[in-house]
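# Close look at the chain arrangement
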Amino acid sequence: MSSGQRLNPEQKLAVDHNTGPLLILAGAGSGKTTVLVSRTERLLREGIVRPDQLCVLTFTNKAAKELKGRVTRKLKGKAEGLFAGTFHSFGLQILRKHHEKLGLPKFFSVVDSKDSAALMKECVSDLRTGKAGYDIDDLMRLISEWRQKGQTKAQKDEAYEVAAEVLLPKYLRKLQLLGAVDFDGLLLRPLELMESNAHICEQLQSTYQQVMVDEFQDTNGTQMRLLNKLVAPHKNLSVVGDDDQSIYGWRGAKISNILNFPSLYTGCKLVRLETNYRSTPAILALANHIIAQNPQRHPKTLRPGISTTEQALPELSVYDTAEEEAEYVCTQLASQKENGRKYKDFAVLYRSNSQGALMEAELRSREIPYRISGGTGFFDRKETRDALAYLRTALRASDVSLRRIWNTPSRGLGESTLEKIGNHCQSHNISFVKATKGWRTFGIEPSIGAKIDLLWSQILKLKMDLEQAGQFPSTVFMPFLQMIGYKQYLEKHSKDSVVAGRRWQYLQIFAEVMDSFAKRAVNVQEGLADFIEAMELRDNVDHKENEDRVNLLTLHACKGLEFPVVYLLGVEEDILPHKTLGSDVSEERRLFYVGITRAMERLFLSHTRSRQRHGKAMQVAPSRFLNALGPELIIKHDGPPKGDPERRKQMVAALFSRLDALDGKAVTKSP
């Protein structure tokens, strides 16, 4: 059959499955996307389901768009109505349709993690318990756990538990008053709706006759409950994942979802994809050995599926210090670049962001171009979030967006005015937006009111100009930011002019992406609405990804990627596994495995004998994950790899330099 072309037997087995629960254990590099696309296309082409009856859930919008695009091309456009998106976008779709059932306004806001933290700070400031120094991130994590479990009361006499009992209802009340939903709410509110409204629940269950989930090992408890509810009548749930790549337990992912799936769904068909189309046999042998040490896992062994002339074993180098480690890795990068590699072929991986600083400094000193992934993202930058808030306020003003731009840049609308308006909102149960427009009715001074009126007139002018901007709203939006003084604001609040210029460039990227949405839409209003939704849901924005730069990534950020050459630094105790972050050693071993399986052709591991900690050089030990690795799996070097020509040149140059210093004169060097 056509769906089986170019599929191996295991892939074909998964693609040909029709009804009932299916677990596809997709090992690293085993072609799971091909399986997802092929199965989706076959179900639609053979009429097993209509496009509007099929729901494919992913963890990134980029993955969803790729899948939907490939299916649409295969079916020559006959995939209209297929839902392919993230769990959060699926929840958003349900809430948009049934907002009134949950007391939400038609154009409710989606509050991101930083705005959620700001709301929590407001709640904490109202406590007046005398307890200072609550860590907002810790509070948010605890409250998120409570909400997922349905917990509302403290179960132990501990400061954060007691505080959470008071803060949780205050926080949820603030969200309700703002007409907003946070990221947890995008999953919890639809689940609440399905559990409380039998008619809507049955409607959703009958609509989606087939549900597929990608990266199933990353699902949390709420997502699992949502899936169970959605497929309860028919059990047509197909999940694709790899328990060996479950590395997000620290943010709520439950590996038990994939480990227990066959027992939860009796009669489940299990297919193992073990043919790897990415890495050399030598890299796979090391990866298989490492992950086999984990006690609780679905058994699987990766096999090479590509023919290659590359037979080199992975290599392990031991350096005296982290500085030496960074220095020699950069030397090897430069040497391989001279031998024909491109910088973008290389990935340098590490467990924590602090390790990347030394590599970044060394790359800068050698003028080697690089990019960092896993640091401050495009959507987490203050300037990007400010720009989005201005756009949101102009098109569909919300309390969250208006509060964000209220005095940014400074326009003389300080905290006292904000507090006075906030009190009026609470006492009269009205929105912040409505209160600001009626400032004359509750004692705001005319001089302050004039500034509020000016802000609203600027916003109204922006709205009118955007509606006339056609496919290029950036031609209106960027001059608007300059007009209100935002560029000067960046210059004032940046370390220097270079940093300010870079921050303005991020806004230009923001504007370019905004234009791209406007061009794809029927009209500018629809395009900007799609853009706002994409930004609020954290769509990936790719920009200049083909530049020739070395890739610096944390191990968590590298998942799903592949590189011809990988350097994995700091494979030592207290880093991998991590002393404070790595309480689950099995998950740390999976993280190591993920790093290894990013490598396509060459893999270089390293660790040091000493590392700076709290300003002191401390002796360190190799990671326990390196125990019992024999010569058939890895080549070990005490120092940089032998035969490194660039290193030899450096050693000779250093020797002559020392001789020059001793003699006090030039030394003639033999050819």
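Below: a short report on this structure. In this text the structure is predicted, and so the values were computed from the model without any measurement.

When you go through the protein chain residue by residue, the secondary structure sums to 26 helices and 19 strands. By the compact-globule yardstick of 26 Å for 671 residues, the protein chain fits well, its C-alpha radius of gyration being 28 Å. Oriented by its inertia axes, the alpha-carbon framework of the protein chain measures out at about 90 × 70 × 60 Å. Within the protein chain, counting contacts between residues at least 6 apart in sequence, those at least 24 apart form 78% of the total. Only carbon and sulfur atoms are counted for the fraction: they give 51% of the accessible area of the protein chain, which is about 31200 Å². Once the 95 positive and 81 negative side-chain charges of the protein chain are each reduced to a mean point, those two points are 3 Å apart.

Attention shifts here to empty space enclosed by the protein. Per the counting criterion, the structure on display carries two cavities of 30 Å³ or more. The computed volume of the second largest cavity comes to approximately 60 Å³. Along the walls of the second largest cavity sit 11 residues, with Tyr319, Tyr567, Phe604, Leu605 and Ser606 positioned nearest its centre. Breaking the lining of the second largest cavity down by element, the ones donating at least two residues are strand E11 (315–319), helix H14 (322–338), strand E15 (563–568) and strand E16 (599–608). For the lining of the second largest cavity, a count of residues per class yields eight nonpolar, three polar and no charged.

Next up on the list: the packing of aromatic side chains. In the structure shown here, the tally under the stated rule is 17 aromatic pairs. Judged by centre distance (5.4 Å) and plane angle (65 degrees), the rings of Phe83 and Phe90 are edge-to-face. Across the pair, Phe90 and Phe83 agree in class, each one buried. Between Phe592 and Phe625, the ring centres sit 5.9 Å apart and the planes meet at 20 degrees, which makes this aromatic pair stacked. Of this pair, Phe592 sits in helix H25 (residues 585–596) while Phe625 sits in the loop between strand E18 (616–619) and strand E19 (635–638), placing them 33 residues apart in sequence. Three or more aromatic residues joined by ring pairs make a cluster, and in this case those are Tyr390, Phe477, Phe480, Phe510, Phe517 and Phe531. Sitting above the plane of the Phe432 ring, Arg403 keeps its charged end 4.8 Å from the centroid. Above the ring of Trp456, the side-chain terminus of Lys437 is found at 4.5 Å from the ring centroid.

Moving on: helix H4 (residues 87–98). Taking 1.5 Å of rise per residue, the 12 residues of H4 would be expected to cover 16 Å, and the 17 Å separating its terminal C-alpha atoms lies within 8% of that figure. By the burial criterion, the buried members of H4 are Phe87, Ser89, Phe90, Gly91, Leu92, Ile94, Leu95 and His98.

Moving on, we come to the packing of helix H6 (residues 136–149) against helix H7 (residues 159–178). Relative to each other, H6 and H7 sit at 75 degrees, their axes nearing to 10 Å. Taken together, the axes of H6 and H7 lie roughly perpendicular to each other. Residue-level contacts link Asp138, Leu139, Met140, Leu142, Ile143, Trp146 and Arg147 of H6 to Tyr160, Glu161, Ala163, Ala164, Glu165, Leu167, Leu168, Tyr171 and Leu172 of H7. A breakdown of the residues in the contact of H6 with H7 according to their chemical character gives 12 nonpolar, no polar and four charged.

This brings us to the sheet that holds strand E12 (residues 346–350). Sheet architecture is open: seven strands sit in the order E13-E14-E12-E15-E16-E11-E19, paired in parallel fashion. Only two strands of the sheet have a single partner each, and these edge strands are strand E13 (370–373) and E19. Neighbour-to-neighbour, the strand axes of this sheet turn through a mean angle of 20 degrees, independent of strand direction. Inspection of the sheet shows E11 paired to E19 by four bridges, in the parallel sense.

A few words on the layout of surface pockets. Roughly 1100 Å³ of volume is contained in the second largest pocket. Forming the walls of the second largest pocket are 29 residues, and the residues nearest its centre are Ala118, Glu122, Arg403, Glu415 and Leu418. Ranked by residue count, the leading element in the lining of the second largest pocket is helix H18 (residues 415–428), at seven residues. For the lining of the second largest pocket, the class distribution of residues is 11 nonpolar, seven polar and 11 charged.

What follows concerns the packing of helix H16 (residues 382–396) against helix H24 (residues 524–536). Any two packed helices are characterised by the angle at which their axes cross and by the distance between the axes. Where H16 contacts H24, the axes come no closer than 11 Å and their chain directions differ by 140 degrees. Classed by the angle they form, the pair H16 and H24 counts as oblique. Between H16 and H24 the crossing geometry is left-handed. In this structure, H16 uses Thr384, Leu388, Leu391, Arg392, Leu395 and Arg396 to contact H24, whose residues at the interface are Leu528, Ala529, Phe531, Ile532, Met535 and Glu536. Classifying every residue of the contact of H16 with H24 gives eight nonpolar, one polar and three charged.

The next subject is the pattern of salt bridges. Under the definition given, this model contains 47 salt bridges. With a shortest N-O distance of 3.2 Å, Glu122 and Lys174 are connected by a salt bridge. Of this pair, Glu122 sits in helix H5 (residues 113–125) while Lys174 is found in helix H7, placing the two residues 52 residues apart along the sequence. Among the ionic pairs, Arg189 bridges to Glu192, the shortest N-O distance being 3.1 Å. Of this pair, Arg189 and Glu192 both sit in helix H8 (residues 185–196), three residues apart, which is roughly one turn of the helix.

Calculation notes
Residue positions are counted from 1 within each chain, in the order its sequence is given. Whole-chain, interface and lining totals are the exception, using all residues; otherwise, since this is a predicted model, local features are given only for residues with pLDDT of at least 70 and side-chain atom pairs are given and counted only at 80 or more. Heavy atoms throughout the structure, all of them, feed into the side-chain values; hydrogens and water do not. Labels follow the DSSP assignment, with helices taken as runs of H or I lasting at least four residues and strands as runs of E lasting at least two, numbered in each case from the N terminus. Between the two quantities, the radius of gyration covers C-alpha atoms and the globule rule is 2.2 Å times the number of residues to the power 0.38. Should any heavy atoms of two residues lie within 4.5 Å, those residues are counted as being in contact. To be clear on the numbers: accessible area is Shrake-Rupley with a 1.4 Å probe, and residue cover counts the displayed protein chains and nothing else. Neither His nor the chain ends is counted toward charge; the positive residues are Lys and Arg and the negative residues Asp and Glu. Charged side chains are reduced to one point each, which is NZ for Lys, CZ for Arg, CG for Asp and CD for Glu. In this analysis, the protein atoms alone were mapped onto a 1 Å grid. Cavities are point sets where a 1.4 Å probe fits without being able to get out; pockets are open sets with protein on both sides within 12 Å along at least five of seven lines; lining residues have an atom within 4 Å of a point. Grid points are joined across faces, edges and corners, and a volume is the space filled by probe spheres set on the points. Residues are sorted three ways: Asp, Glu, Lys and Arg are charged, Ala, Val, Leu, Ile, Met, Phe, Trp, Tyr, Cys and Pro are nonpolar, and all the rest, Gly among them, are polar. Between 30 and 60 degrees the pair is tilted, below 30 it is stacked and above 60 it is edge-to-face, where a pair is any two Phe, Tyr or Trp rings, Trp via its six-membered ring, whose centres lie within 6.5 Å. The classification of residues rests on relative accessible area computed with a 1.4 Å probe and restricted to protein chains. Under 20% of the type maximum is buried, over 50% is exposed, and intermediate values are partly exposed. Think of it as a cone above the ring: NZ of Lys or CZ of Arg counts as a charge over the ring if it is within 6 Å of the ring centre and within 35 degrees of the ring normal. Take the number of residues in a helix, subtract one, and multiply by 1.5 Å to get its expected span. In this analysis an axis means a line fitted to C-alpha atoms, helices contributing only their contacting stretch, and an angle means the value between N-to-C directions, from 0 to 180 degrees. Each angle is binned into one of four classes, with values under 35 degrees roughly parallel, values over 145 roughly antiparallel, values of 65 to 115 roughly perpendicular, and all other values oblique. Note on pairing: two strands pair once DSSP finds at least 2 bridges between them. For any pair of crossing helices, the crossing counts as left-handed if the nearer helix is rotated counterclockwise from the farther one by less than a right angle, and right-handed if it is rotated clockwise. What makes a salt bridge here is a side-chain nitrogen of Lys or Arg within 4 Å of a carboxyl oxygen of Asp or Glu, nothing more.

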